[in-house]
Amino acid sequence: QVQLVESGGGLVQSGGSLRLSCAASGIIFRIRAMAWYRQVPGKQRELVATISSGGNTNYADSVKGRFTISRDNAKNTVYLQMNSLRPEDTADYYCNTVFGGINYWGQGTQVTVSS
């Protein structure tokens, strides 16, 4: 079965950095596009970044220039490097992929940015 396991969240100060990791299993990782989403209470889940199987990336305007999505196919892992963090980046961050027409999600990892 498809499983996505996230790690790396935590509490940081404004301007600090975190690197999130998402380990995938149950899929042929190298041929799948991956994404990071985030969600705060009472709001819709929003797309943060995507990376294609070929390594092409896209970012939400709010994180361009600060966040970098990458993948290590040998480790079946996708990363989100977050720099210059702001309080408005505070959210639960989720790893995502689509397989068989169905969205799969990790359990979420909390990121809190203090001011």
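What you see is a predicted model, and the numbers here were worked out from it, not measured in a lab.

Caption draft 1: Representation of unusual backbone geometry. At Asn-76, a position not held by glycine, the phi torsion is positive, near 50 degrees. Inspection of the secondary structure puts Asn-76 in the loop between strand 7 (67-72) and strand 8 (77-82). At Ser-84, a position not held by glycine, the phi torsion is positive, near 50 degrees. Along the chain, Ser-84 falls in the loop between strand 8 and strand 9 (91-99).

Caption draft 2: Molecular detail of the sheet that holds strand 7. Strand order in the open sheet formed by four strands is 1-3-8-7, with antiparallel pairing between adjacent strands. Of all the strands in the sheet, the pair left with one neighbour each is strand 1 (3-7) and strand 7. The sheet shows a mean angle of 15 degrees between the axes of neighbouring strands, taken without regard to direction.

Cut-offs applied
Residues numbered from 1 in each chain as written. Predicted model: local features only at pLDDT ≥ 70, side-chain atom pairs only at ≥ 80, totals over all residues. Heavy atoms only, no water. Helix = DSSP H or I, 4+ residues; strand = E, 2+ residues; numbered from the N terminus. Pairing = 2+ DSSP bridges. Axes fitted to C-alpha atoms, helices over the stretch in contact; angles between N-to-C directions.

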